[in-house]
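If you want the building blocks of each chain, they are given just below.
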Amino acid sequence: MKKILLCCSAGMSTSLLVNKMKAVANENNISVEIDAVPLEMFNEKLPVYDLILLGPQVKFKQKEFQKIADQYNKKVEVINMIDYGTMNGKKVLDFALNLMK
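Given the structure is predicted, the values throughout are model-derived calculations rather than measurements.

A. View of the pattern of salt bridges. Tallied over the entire structure, the rule returns three salt bridges. With its nearest N and O atoms 3.8 Å apart, the salt bridge here joins lysine 3 to glutamate 33. One end of the pair, lysine 3, is in strand 1 (residues 2–8); the other, glutamate 33, is in strand 2 (residues 32–38), with 30 residues separating them in the sequence. Residue classification places glutamate 33 among the partly exposed positions, given a relative accessible area of 28%. Close ionic contact of glutamate 64 with lysine 61 constitutes a salt bridge, the shortest N to O distance being 3.1 Å. Residue classification places glutamate 64 among the partly exposed residues on the basis of a relative accessible area of 42%. On the accessibility criterion, lysine 61 (18% relative accessible area) is buried.

B. Focus on the pairing of strand 4 (residues 75–78). Of the strand pairs in this sheet, strand 3 (residues 51–54) and strand 4 are connected by four bridges, and their pairing is parallel. Bridge assignment links leucine 54 to a residue of strand 4, and that residue is valine 78. What joins strand 3 to strand 4 is helix 3 (residues 62–70), and the crossover it makes is right-handed.

C. Spotlight on the sheet that holds strand 4. Strands sit in the order 2-1-3-4 across an open sheet of four strands; the sheet is parallel. One side of each edge strand has no neighbouring strand; the edge strands of this open sheet are strand 2 and strand 4. On average, each strand axis in the sheet is inclined to that of its neighbour by 25°, with strand direction left out of account. Looking at chain direction, strand 1 and strand 3 are connected through four bridges and run parallel. Each residue of the ladder has a partner; that of leucine 5, found in strand 3, is isoleucine 52. Its contacts with the sheet put helix 1 (residues 12–27) on strand 1 and strand 2, and the angle it makes with strand 2 is roughly 175°. Here helix 5 (residues 89–99) sits on the sheet and contacts strand 1, strand 2, strand 3 and strand 4; the angle it forms with strand 3, its principal contact strand, is near 140°.

D. Expanded view of the side chain of lysine 74. Within the secondary structure, lysine 74 is located in the loop between helix 3 and strand 4. Aspartate 50 provides the closest opposite charge to the buried, unpaired lysine 74, separated from it by 5.3 Å. A polar atom in the side chain of lysine 74 sits 2.9 Å from the backbone oxygen of proline 47. Dropping the residues within four chain positions of it, lysine 74 is found in contact with Leu46, Pro47, Val48, Tyr49, Asp50, Gln66 and Ala69.

Scoring rules and cut-offs
Residues numbered from 1 in each chain as written. Predicted model: local features only at pLDDT ≥ 70, side-chain atom pairs only at ≥ 80, totals over all residues. Heavy atoms only, no water. Salt bridge = Lys/Arg side-chain N within 4 Å of Asp/Glu carboxyl O. Helix = DSSP H or I, 4+ residues; strand = E, 2+ residues; numbered from the N terminus. Buried < 20%, exposed > 50% of the residue type's maximum accessible area, 1.4 Å probe, protein only. Pairing = 2+ DSSP bridges. Right-handed = clockwise from strand over helix to strand, strands pointing away. Axes fitted to C-alpha atoms, helices over the stretch in contact; angles between N-to-C directions. Contact = heavy atoms within 4.5 Å. Lys, Arg positive; Asp, Glu negative; His and termini not counted. Polar contact = N/O pair within 3.5 Å; in protein donor to acceptor, adjacent residues only side chain to side chain.

Set out below in structure tokens:
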């Protein structure tokens, strides 16, 4: 099972997106675990997840986090601002799954 972690300032807005992504995954029988946490938990959670997605409001952390993630051979990507703003769970899930191919 693939594991996706969403990070944002407090983990609140990404929690809403996680619910939408989970609903799409369930509807399409996609086996995936998706969680949301605040930035402060990145280092703690990184080893457990296959992919880390950042909310657009914290994209300034991507380079810093990617350097850390490189040690685990993992990707840190930023969620498209429009998909994030519209809480488009399908597009964000598709984006994540394509990154993990």
